[in-house]
Amino acid sequence: DEVRILIAAGADIHAKTPNLDNTVLHVIAGGNTVSWGMDKAIAMSRLIVETDMDLLLVQNANGKTPQDWAKHEKKPKLAQFL
């Protein structure tokens, strides 16, 4: 629900983190899915992807897409979705 509210309010889903150039999908892929729960991480990712599918292809400063980053972080279920 939080992500849906932020998107509706005009949050910039294309913003990137300093230094690593991570998108919101990279942040979700590298985030604490233990505390969020994998289902919530996938649901948040789905909302972002439904808003702009091109974010799936964006590489961070390490040349990793969100899917690559999820694999790197050993999150196969999230990587499969991404």
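Placed above this text is the structure.
Quick summary incoming for the structure in this document. Think of each chain on its own: its residues are numbered from 1, step by step along the sequence as written. In keeping with the model being predicted, local features are shown solely for residues with a pLDDT of at least 70 and side-chain atom pairs are shown and tallied solely at 80 or more, while totals for entire chains, interfaces and linings include all residues. Based on all heavy atoms of the structure, the side-chain values leave hydrogens and waters out of the count.

**Focus on the side chain of Thr 33**
Part 1 of the argument: Secondary structure elements follow DSSP: runs of H or I no shorter than four residues count as helices, runs of E no shorter than two count as strands, and numbering proceeds from the N terminus. Residue position: Thr 33 is located in helix 3 (residues 33–36).
Part 2 of the argument: Exposed residues in this analysis have more than 50% of their type's maximum accessible area, buried residues have under 20%, and partly exposed residues fall in between, with area computed by a 1.4 Å probe over protein chains only. Judged by relative accessible area, Thr 33 falls into the buried class, the value being 11%.
Part 3 of the argument: Throughout, a contact is declared for two residues whenever any of their heavy atoms are within 4.5 Å. Discounting residues that sit within four places of it in the chain, Thr 33 has contacts with Ile 28, Met 38, Ala 41 and Lys 75.

**What about helix 4 (residues 38–51)?**
Part 1 of the argument: Take the number of residues in a helix, subtract one, and multiply by 1.5 Å to get its expected span. An ideal rise of 1.5 Å per residue puts 20 Å on 14 residues; helix 4 measures up with 20 Å between its terminal C-alpha atoms.
Part 2 of the argument: Every buried residue of helix 4 is accounted for by Ala 41, Ile 42, Met 44, Ser 45, Leu 47, Ile 48 and Val 49.
Part 3 of the argument: Buried residues along helix 4 sit against helix 1 (2–8), helix 2 (24–30), helix 3 and helix 6 (76–81).

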